[in-house]
Amino acid sequence: MTSRAEPGDDRRGPDLSAIMSERRQLINLGYRLLGSLADAEDVVQETYARWYAMSAQERQAIESPGAWLMTVASRICLNLLGSARARRETYVGDWIPEPLPEPTEWITDSSGAGGIDPAERVTLDESVTMAFLVVLDAMTPAERVAFVLHDVFRYPFGEVAEIVGRTPAACRQLASSARRRVRTAQTPAGPSAGQAGIVRRFRAAWQAKDIDALIGLLDPDATATADGGGLAVTHLLPIVGGERIAHAYAEIARVSGHRTTFLECTVNGLPGLVARQDGAVATVFAFEIVGDRIRHIWAVRNPEKLRPWRIG
């Protein structure tokens, strides 16, 4: 898990480099809380805007600027999580968290130009796997914030309480409830190398339209969920059952034909696939693998969520 940063104490007022050095920590927080890199970047921008909206004297009076920035960012995220539920009522199909490639494969500059800024990276660990983020998304906003701040960023419940607006005891209960959700949903994952082999065999069987081989790689109760957001053609409802998924994916391969190529890649820290059509990224696939079978497939086709994959 990500360890909590210890901000410095400079009563003369932190310089720009000291303040901007907190950016990576803020991006990490925002992505885990919101499941969207774009939203996380917006939160960081708003957080810095509030910092520089204060007078120099007000900024100098803050003993721990890093803690102040994290507190403000957390509260902004909490407000956004509260409104996100209403927005998703009008979302077309299922909403899946925005997938992330390896840090060395992407930059967040929307222009797609320039080098990789370490301050823009999201640290990839077990708290950003797609399966983990999907569980987080099912939590209440208060549960999610309390759990992420305490269990991922190691904030004491006293500080979490100030951010969430609850008592420390209430925050402890929120985190405990969230922890139970995670434990119930999570299953032991095998070594990454083993998972990569299964994804590789799935890719080969899919391209060959080998339904029997696909069925052999899928858990009988597997689920495939797609997110097009109304901006890309996809299955609106999850496909349940390994055999149904195998037939559906074989049909996708037949229809897409030679226009589509599949590349193995890292998605949120685990082996995944990218589908390119006519040279452009069209779909990113994340997998949950239990034992030697695929239990869940998440296919993100919403182009607004594929910005980090458009590499210059």
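A quick note: this is a predicted structure, and the numbers were derived from the prediction, not measured.

Overview of the sheet that holds strand β4 (residues 270-277)
Argument step 1. Strand order across the open sheet formed by six strands is β2-β1-β6-β5-β4-β3, with mixed pairing between neighbours. The open sheet has two free edges, formed respectively by β2 (239-240) and β3 (260-267), since each of these has just one partner strand.

Describing unusual backbone geometry
Argument step 1. The backbone phi angle of R154 is positive, close to 65°, even though this residue is not glycine.
Argument step 2. Turning to its location among the elements, R154 is positioned in the loop between α7 (141-152) and α8 (157-164).
Argument step 3. Even without being glycine, K209 reaches a positive phi, approximately 55°.
Argument step 4. Within the element layout of this structure, K209 appears in the loop between α10 (192-207) and α11 (211-217).

A short note on α7
Argument step 1. End to end, α7 covers 16 Å across 12 residues, agreeing with the expected 16 Å (1.5 Å per residue, within 8%).
Argument step 2. The buried fraction of α7 amounts to 11 of the 12 residues, a majority that puts the element mostly inside the structure.
Argument step 3. Every buried residue of α7 is accounted for by P141, A142, E143, R144, V145, A146, F147, V148, L149, D151 and V152.
Argument step 4. Close packing links the buried residues of α7 with α2 (23-34), α5 (65-88), α6 (130-137), α8 and α9 (168-185).
Argument step 5. Two residues or fewer after α7 comes R154, characterised by a positive phi angle close to 65°.

As for the packing of aromatic side chains
Argument step 1. For the structure on display, the rule yields nine aromatic pairs.
Argument step 2. An aromatic cluster is built from F202, W206, Y249, F262, F285 and F287, whose rings are joined through pairwise contacts.

What counts, and where the lines are drawn
Residues numbered from 1 in each chain as written. Predicted model: local features only at pLDDT ≥ 70, side-chain atom pairs only at ≥ 80, totals over all residues. Heavy atoms only, no water. Pairing = 2+ DSSP bridges. Helix = DSSP H or I, 4+ residues; strand = E, 2+ residues; numbered from the N terminus. Expected span 1.5 Å × (residues − 1). Buried < 20%, exposed > 50% of the residue type's maximum accessible area, 1.4 Å probe, protein only. Contact = heavy atoms within 4.5 Å. Phe/Tyr/Trp six-rings, centres within 6.5 Å; stacked < 30°, edge-to-face > 60°.

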